[in-house]
Amino acid sequence: MNVKEKEILLKKDQSYISDSDEALRELVDINKNKYVRKDVTGMGGTTAVLNDTHQSWLVVSPNVGMIKSKANRFYQNQEMFFIYGKSEDKWRDVIICIENHQTGIIKVNTTPDQVVNVKNRHPKLYEWLRVQPVFVDEAHAYSADADYRKSFGIFMELIYKEWRAKFTLSTATPIFRHLTLPEDIVIEFIGIKREYQPKRILQYSQDLNDAFKFINEKVLEGILVCVFTNNPKIHMKQYKGLLTGNVVGESLRIKLQPMGKAKYDILDDSVFEENQVVFLSSANYAGTDIEHDCCIVIINEGRHKATTVNINNIVQAYGRCREVVHDALLINIPPSKDYVVPTIDNVEAGINLYTSSLVFYENQPQSYRSADRKNFTPHGYVNRNYIAQPVLETVNKYQLYNPGVLVETLAEYHFTLQDYQQLHVEVDSLEFESLTFGQRIENLLKVDSHLLWNDYLTIKKCVRIAQVGSFNYELALQYLSTFIMKEWNLKPLIEDLGDISVKPHRFYDDMESLFRLYTNLDVYCTQSLDKARLERAEKKWPSFYRYVARDLSGDFDGADRENLVREWLLLYKIHRLKNLKRKENITTDNMNEMDSVNRQLSLLEVPTDFRHFKPHIENKPHRVRDTSGSIIQTLKDLDYVPTEDELFDIGEDVKEIYKEIDEAFEKIEDDEAKKKFTRPNPNSRSINKKKLINAIGFLYYQHNYNVKETNNREYNPLTALPRKLRPFIPLIYVECDIVAANAQFTDRFLGCSNYKTLYERIAQAEGCTRHQAKHKYNKFLNNHLSRRNTSLEFYRDVCTYTPKDAKKLSLHTSKVQEGSYYNKMVRYEQELIDDYQDYLECSSYRFHDAVVVPLWEAEEIALPTNFNGYEFRLGYYTAKDTLYKGKSNGAAVVHHCPLNHKELVH
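Here goes a summary of the coordinates provided. Since this is a predicted model, take the numbers as computed values, not measurements. (Residues numbered from 1 in each chain as written. Predicted model: local features only at pLDDT ≥ 70, side-chain atom pairs only at ≥ 80, totals over all residues. Heavy atoms only, no water.)

This part takes up the overall build of the protein. A tally of helices and strands in the protein yields 40 helices and 28 strands. Taken along its principal axes, the extent of the C-alpha atoms in the protein is 100 × 70 × 70 Å. A buried classification covers 54% of the 906 residues belonging to the protein. Within the protein, contacts between residues separated by at least 24 positions form 74% of all contacts whose residues are at least 6 apart in sequence. (Helix = DSSP H or I, 4+ residues; strand = E, 2+ residues; numbered from the N terminus. Buried < 20%, exposed > 50% of the residue type's maximum accessible area, 1.4 Å probe, protein only. Contact = heavy atoms within 4.5 Å.)

Next comes the structure, spelled out in structure tokens:
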């Protein structure tokens with residue numbers, strides 16, 4: 001976009017826009033759409049609009065801190081509303097004011113998500129809003145942060161597409177080439193500059209240690225230091241001998257509480273008066289003011305997206321300091337040492353892709369727009385700010401990591417870049433202290449119970465999964481453990497925290513011993529019951545356990561205590577797994593639970609380890625035998641002798657892997673390349689340990705997980721977990737699965753009833769186990785390439801279907817389109833399982849052809865063993881071969897199930 005600005009100069013005696021009649025007149029002109037670029041931050045544009053006595057305004061600010069800072073000031077207008085999530089002002093106050101016609105001038109300062117909520121929930125109020133001129137404060141943020149603040153892009157499209165009044169966009173740090181502005185709207189550009197703007201020195205380094213040296217140097221000089229960083233580790237460090245304060249958002253506040261660090265509000269001036277160093281997170285990079293002389297450190301760490309800043313952030317952060325800035329330091333750390341810095345050609349290519357993407361999306365029909373929730377807003381508009389994220393990221397890296405470009409770009413904002421050097425006294429870097437585990441828990445014990453509980457719920461809902469989420473499981477365990485100790489007054493555990501040698505592992509072990517001794521054991525898997533540990537705990541605190549037995553009852557603030565214990569046990573198991581170390585020479589003697597986990601991880605890892613295959617690839621006549629022998633010997637060396645079914649599985653795995661290897665070799669012509677061929681192990685220890693952690697995390701709070709559905713089957717962490725690892729889930733879950741599902745669906749298709757003894761008949765005829773018989777039957781059903789005579793003979797002679805039924809089944813499974821029969825099976829399976837879940841009306845999880853129900857909920861209802869005409873087996877997800885001992889109610893019907901042979905055929 002080729003932008004021409006109308007320039008307005010503020011004279012030497014004019015510090016703010018309101019000091020200049022021309023600048024103020026242009027700013028509050030409501031007869032045109034305009035983009036106001038201020039030469040520097042702090043010109044008072046937002047304040048001038050809020051003080052405008054001629055018309056109403058909607059002022060939209062990107063963060064709450066900006067609104068809070070404006071709400072504390074005096075304005076010439078009486079009807080002022082400052083609205084955000086927990087504000088005293090509410091939209092109903094605005095509605096009352098409008099209805100009463102108390103004044104013609106109303107000012108509302110709010111956030112973009114609040115406007116979007118009004119659009120969705122209050123149509124009449126939204127109609128009033130969109131006829132008000134709107135002032136969009138710090139307009140750059142709506143593009144720069146649109147990837148993780150969804151309301152930003154949504155709000156801007158409402159302004160561009162639905163606003164009837166004119167809009168004013170304002171910032172001192174515009175987006176590169178105004179990329180995200182719409183081309184089809186006439187926008188006037190106004191630049192407001194100060195006639196005399198001195199150059200600002202910004203020291204520069206790529207070494208994080210220089211930040212700590214700089215801080216120490218300035219503290220020794222008696223100067224306040226303000227550090228802008230999003231790195232939680234820097235905020236959480238214990239700085240020896242320093243008074244520090246933190247001005248952060250809610251997420252970082254929760255992480256800081258165990259460190260004993262109080263969160264200050266940006267409006268609380270005491271944070272700057274009482275501390276030598278103040279750390280500020282990204283919520284304070286724009287719009288809030290620091291009215292103190294200080295030094296500044298701005299830290300960009302490109303290794304992680306959350307800790308990466310951009311040129312806009314740098315300029316805005318520097319501009320927070322409204323008084324004298326004695327010295328400023330920029331720490332600019334690239335993503336990696338060998339990082340390839342983008343060029344201007346990369347930037348131009350990104351811009352071209354962005355432009356073509358806009359054209360593509362603009363031409364999509366409404367049905368496409370409704371399905372694509374990322375690139376379109378919920379209201380069907382192209383979300384240009386979200387689509388621009390890749391090119392804006394490229395621009396940012398181009399500007400930050402090309403030295404010449406960085407110098408030129410910062411020069412446009414009146415900065416002069418200089419290499420960092422200690423100019424005054426030679427000082428060492430800061431010294432750090434560390435808090436013990438006990439000290440962190442003791443800090444949490446000082447927090448009010450209601451705040452502690454609410455913070456725990458926040459952590460639970462935002463636990464990090466696959467790099468998404470703000471908190472980890474360890475923090476959740478710390479908060480929940482503290483809350484339980486505090487509410488139940490578990491004094492002996494609290495007293496243990498005073499021991500500087502107390503470690504999380506031993507502390508949590510003692511806490512688990514308490515729960516397993518004095519709560520309902522019926523819902524716990526018993527594999528964690530370490531008798532030696534329980535005896536030690538009883539001996540240590542005999543009177544305490546008698547007291548606890550009476551006290552573990554009742555609720556707190558809507559929290560069911562038994563449920564809290566269950567949640568704690570899930571978090572505890574994740575803690576144990578995350579800290580699990582590999583043990584060599586595992587034996588079955590005196591095996592505790594973690595030894596057993598290690599053993600099963602080895603049983604899964606060894607049979608698919610490519611090192612057993614590589615020596616035998618060329619020896620095709622004997623390679624399956626030799627490879628299987630190598631695997632079995634390795635398992636025996638670990639003192640694990642495979643069972644008959646496990647030996648069969650090993651053989652099948654070996655055959656499948658060699659099939660994959662042969663297919664890969666067909667595409668490789670070079671013999672040397674074949675020699676270098678390798679195959680990643682899909683059952684590696686790390687992969688399966690992660691699967692087990694994910695399955696437990698899913699049971700802890702399933703809403704954190706994105707469940708995928710493919711071909712009518714749901715894939716979640718429970719379906720991904722290998723069967724051998726299911727017993728290590730700490731709580732018991734009932735599995736209601738369709739008995740011989742494929743056989744039952746096939747019986748309905750054929751109009752017969754063979755499923756009950758089908759696998760036993762196959763096993764007898766083939767001389768194999770039932771497990772092997774089931775595998776063979778399903779293989780025939782799903783092998784669309786098999787010969788019809790071969791499948792006919794199997795169905796007739798081995799499965800003992802009638803000749804007529806065998807022929808019919810052969811016609812629908814052999815020489816047919818791939819997956820045709822399987823897809824029918826899973827479609828009806830999904831329908832049946834969905835109905836079963838709806839019937840139960842309790843917490844449940846789909847597990848392919850089964851439903852998994854928590855034992856404590858299953859015990860409250862009678863589970864049907866015959867549902868819509870299909871037989872279900874009630875067992876345990878965590879103990880596959882054990883039958884459920886609870887209540888069942890026989891047959892149940894929701895509606896006529898459409899699984900009949902006519903539908904299956906067609």
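Moving on to the packing of aromatic side chains. All told, the structure shown has 46 aromatic pairs when counted by the stated rule. Look at Y318 and F415: their rings are 5.0 Å apart centre to centre, the planes differ by 85 degrees, and that puts the pair in the edge-to-face class. Linking Y318 in helix 13 (residues 311–319) with F415 in strand 16 (residues 415–419), this pair joins segments that are 97 residues apart in sequence. Chaining the aromatic ring pairs together yields one cluster made of F437, F507, Y508, W568 and Y572. Sitting over the face of the ring of F415, R200 holds its NZ or CZ atom 4.3 Å from the ring centroid. Its guanidinium or amino end placed over the ring of Y700, K460 lies 5.8 Å from that ring's centre, counting from NZ or CZ. (Phe/Tyr/Trp six-rings, centres within 6.5 Å; stacked < 30°, edge-to-face > 60°. Lys NZ or Arg CZ within 6 Å of the ring centre and 35° of its normal.)

Let's shift gears to the nonpolar core. Ranked by internal contacts, the top residues of the largest apolar core, which has 118 residues, are W568, Y733 and Y777. Among the elements that make up this core, the one with the highest residue count is helix 21 (residues 473–488) (ten residues). If we skip the residues at most four places from it in the chain, W568 touches L477, L480, S481, I484, Y508, M511, E512 and F515. (Core = buried A, V, L, I, M, F, W, Y, C linked by side-chain atoms within 4.5 Å.)

Further remarks concern the packing of helix 36 (residues 788–798) against helix 37 (residues 803–813). Axis separation between helix 36 and helix 37 bottoms out at 8 Å; the angle between their running directions is 140 degrees. Looking at the two axes, helix 36 sits oblique to helix 37. Here helix 36 runs over helix 37; the crossing is right-handed. Packed against helix 36, whose contacting residues are R788, S791, L792, Y795 and R796, the element helix 37 presents P803, A806, K807, L809, S810, L811 and T813 at the interface. Considering only residue class, the contact of helix 36 with helix 37 consists of six nonpolar, three polar and three charged. (Axes fitted to C-alpha atoms, helices over the stretch in contact; angles between N-to-C directions. Parallel < 35°, antiparallel > 145°, perpendicular 65-115°, else oblique. Left-handed = near helix turned anticlockwise from the far one by under 90°. Nonpolar A, V, L, I, M, F, W, Y, C, P; charged D, E, K, R; others polar.)

With their axes 9 Å apart at the nearest point, helix 14 (residues 344–362) and helix 17 (residues 389–401) run at an angle of 165 degrees to one another. When the axis of helix 14 is compared with that of helix 17, the two are roughly antiparallel. Here helix 14 and helix 17 pass one another in a crossing that is left-handed. For the pair helix 14 and helix 17, contact is made by I344, N346, V347, G350, I351 and Y354 and by V391, T394, V395 and Y398, respectively. Looking at the contact of helix 14 with helix 17 residue by residue, the classes come out as seven nonpolar, three polar and no charged.

Taken as a whole and judged by the stated rule, the model has 36 salt bridges. Where R566 meets E562, a salt bridge forms, and the shortest distance between an N and an O atom there is 3.9 Å. Of this pair, R566 and E562 both sit in helix 26 (residues 561–578), four residues apart, roughly one helical turn. Judged by its relative accessible area of 9%, R566 falls in the buried class. Its salt-bridge partner being E660, residue R679 comes within 3.1 Å of it at the nearest N-O pair. Here the residue R679 occupies a position in the loop between helix 30 (671–675) and helix 31 (685–700), and E660 occupies one in helix 29 (residues 644–666), the gap between them amounting to 19 residues. By relative accessible area, R679 is classed as buried at 15%. Overlapping salt bridges, with partners in common, bring together K6, E26, D29, K32 and E188 in one network. (Salt bridge = Lys/Arg side-chain N within 4 Å of Asp/Glu carboxyl O.)

With that out of the way, let us pick up the sheet that holds strand 16. In spatial order, the strands read 12-13-10-14-15-9-16; together these seven strands make up an open sheet with parallel pairing. Edge positions in the sheet fall to strand 12 (244–247) and strand 16, since each has one partner strand and no second. The sheet shows a mean angle of 25 degrees between the axes of neighbouring strands, taken without regard to direction. As judged from the five bridges shared by strand 9 (residues 200–205) and strand 16, these two strands associate in the parallel manner. When the bridges of strand 16 are listed, Q203 appears paired with Q418. The sheet strands contacting helix 13 are strand 9, strand 10 (225–228), strand 14 (294–301), strand 15 (325–333) and strand 16, and the helix crosses strand 14 at an angle near 160 degrees. Together, strand 9, strand 15 and strand 16 form the strand contacts of helix 18 (residues 403–411), whose direction differs from that of strand 16 by roughly 145 degrees. (Pairing = 2+ DSSP bridges.)

Looking at the secondary structure, you find R788 in helix 36. Of the residues examined, R788 reaches a relative accessible area of 34% and is grouped as partly exposed. Sequence separation between R788 and S810 is 22 residues, and the spatial gap between their C-alpha atoms is 5.8 Å. If sequence neighbours within four positions are ignored, R788 has contacts with S810, L811, S814, K815 and V816.

This part is about a negative patch on the surface. Together, D268, D269, E273, E274, E291, D293 and E323 give the surface a local cluster of negative charge. You can see D268 is positioned in the loop between helix 11 (250–256) and helix 12 (270–274). (Patch = residues over 30% accessible without salt bridge, like charges linked within 9 Å, V, L, I, M, F, W, Y side chains within 5 Å. Areas by Shrake-Rupley, 256 points an atom, 1.4 Å probe, with all protein chains shown as cover. Lys, Arg positive; Asp, Glu negative; His and termini not counted. Charge placed at Lys NZ, Arg CZ, Asp CG, Glu CD.)

Quick look at the side chain of H235 now. Positionally, H235 belongs in helix 10 (residues 232–236). Separated by 2.8 Å, the side chain of H235 and the backbone oxygen of T229 make a polar contact. (Polar contact = N/O pair within 3.5 Å; in protein donor to acceptor, adjacent residues only side chain to side chain.)

This brings us to the side chain of N754. Looking at where N754 falls in the secondary structure, it is placed in the loop between helix 33 (741–750) and helix 34 (758–766). Setting aside residues up to four positions removed in sequence, N754 forms contacts with D747, R761, T800 and Y801.

Glycine aside, negative phi is the norm for most residues, and most peptide bonds take the trans geometry. Positive phi is not limited to glycine here, since E138 has a value of about 45 degrees. Here E138 shows up in the loop between strand 6 (134–136) and helix 7 (141–144). What makes E138 buried here is its relative accessible area of 6%. The residue E841 is not glycine, and still its phi comes out positive at about 55 degrees.

Of the two faces of strand 13 (residues 277–280), both are covered, the one formed by V277 and F279 as well as the one formed by V278 and L280. In this structure, strand 10 lies alongside strand 13, joined through four bridges in parallel fashion. When the sheet's bridge partners are listed, C226 is paired in strand 13 with V278. Here strand 12 runs beside strand 13; their pairing, made up of four bridges, is parallel. Paired with V247 across the strands is L280, a residue of strand 13.

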